[in-house]
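Structural characterization, general
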Number of protein chains: 2
Amino acid sequence: MENLLFDNQDTLFMQKALDQARTALQKGEVPVGAVITYHGQIIARAHNLTETLNDPTAHAEMQAITAACDTVGGKYLDQCTLYVTLEPCLMCAGAIAWAQLGRLVYAASDPKKGFTLFQGTILHPKTSTTTGVLAEVSGRLLKEFFAGKR
Amino acid sequence: MENLLFDNQDTLFMQKALDQARTALQKGEVPVGAVITYHGQIIARAHNLTETLNDPTAHAEMQAITAACDTVGGKYLDQCTLYVTLEPCLMCAGAIAWAQLGRLVYAASDPKKGFTLFQGTILHPKTSTTTGVLAEVSGRLLKEFFAGKR
């Protein structure tokens, strides 16, 4: 179920994801950051590293999922929340589905590559989704990056 | 463009991908294997390791893409062919799209999780697709695995 309701804790964790996005920006990467929480504790932090690693799969979400699974010692994240500064792409949505993520919270929407373009059966039915947390800050960061590229 | 035409070289490389799938099977993994070629040379081999690594992103294709990008030193695989024993899922199709893969060849179809369920705009328009190479052998391997699980 998608909703726009979020609380202070969501804002706090999205701030942490934005810190990751800023780190990506400093490295010349498309500024996307992610954190994964488990019962209110951060268990994974990651930022986009596709350029640095020459790896198209090195999105923030993918790395965060791998790290979080390592921490929980299993391949399901049904007790976890993923905070990410940009709407996940299809690849990341696929990974989120495989992980049976408990809750997805993202900031800015991605009207070009976002998974909601294919809305319906992509995420696992157990995963709840919240959007819009600090969307403006995240969007500004992305705009800044692409403006610098032109 | 999707087609069912393939040659001896495709069969040979799919055999190599099937070798990887068999290795996965020996480890108790869902038997899926992949190889990536660059101008007729194998530059990456991988098999599904989701159980071993406790990582839902550790599909054969994902690992092969990461390894191949490392070898070519870039994040695009437009000169490469990915041979995989099972139709890629949405996550892997997303990764294949980001990598702008030149050609995708897969054996068995996956009517439940295969990306062609969402046919159309998922793969990069430059990527050509061939299906059915050694599909029966690959399908048998998968059936064997799931039969053993019941």
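Below, the structure is looked at part by part. The structure presented is a predicted model; accordingly, all values stated were derived computationally and were not measured.

About the criteria used
- Residues numbered from 1 in each chain as written.
- Chains lettered and ligands numbered in written order.
- Predicted model: local features only at pLDDT ≥ 70, side-chain atom pairs only at ≥ 80, totals over all residues.
- Heavy atoms only, no water.
- Helix = DSSP H or I, 4+ residues; strand = E, 2+ residues; numbered from the N terminus.
- Buried < 20%, exposed > 50% of the residue type's maximum accessible area, 1.4 Å probe, protein only.
- Contact = heavy atoms within 4.5 Å.
- Buried area = accessible area lost by both parts, 1.4 Å probe.
- Salt bridge = Lys/Arg side-chain N within 4 Å of Asp/Glu carboxyl O.
- Polar contact = N/O pair within 3.5 Å; in protein donor to acceptor, adjacent residues only side chain to side chain.
- Pairing = 2+ DSSP bridges.
- Right-handed = clockwise from strand over helix to strand, strands pointing away.

Digging into the side chain of T81 of chain B
Residue and element names in this part refer to chain B. You can see T81 is positioned in strand β4 (residues 80-86). Looking at T81, the relative accessible area reads 11%, which means it is buried. Apart from the residues lying within four places of it in its own chain, the contact partners of T81 are V35, I36, T37, L101, R103 and V105.

Here's the deal with the interface of chain A and chain B
Chain A puts 25 residues into the contact, and the matching count from chain B is 25 residues. For the pair chain A and chain B, the summed buried surface comes to about 2200 Å²; carbon and sulfur atoms form 71% of the total. Considering only the surface of chain A that becomes buried against chain B, P56, K75 and W98 of chain A emerge as the three largest contributors, covering 30% of it. Inspection of the region where chain A meets chain B yields two salt bridges. On the surface where chain A and chain B come into contact, there are eight residue pairs in polar contact (both at pLDDT 80 or more). Of all the secondary-structure elements, those providing two or more residues to the side of chain A that touches chain B are α2 (60-72) and α3 (90-98) of chain A.

Details of the pairing of strand β5 (residues 103-108) of chain A
One face of the sheet, then the other: side chains in a regular strand alternate in exactly this way. Residue and element names in this part refer to chain A. For β5, the buried fraction is high: five of the six residues fall into the buried class. For strand β4 (residues 80-86) and β5, the ladder comprises five bridges, and the chain directions are parallel. Note that in β5 the partner of L82 across the bridge is L104. Running through α3, the crossover from β4 to the neighbouring parallel element β5 is right-handed. Pairing geometry for β5 and strand β6 (residues 128-131), over four bridges, is parallel. Its bridge partner being in β6, Y106 is matched across the sheet by T131.

Function cannot be read off these values alone, since they describe shape.
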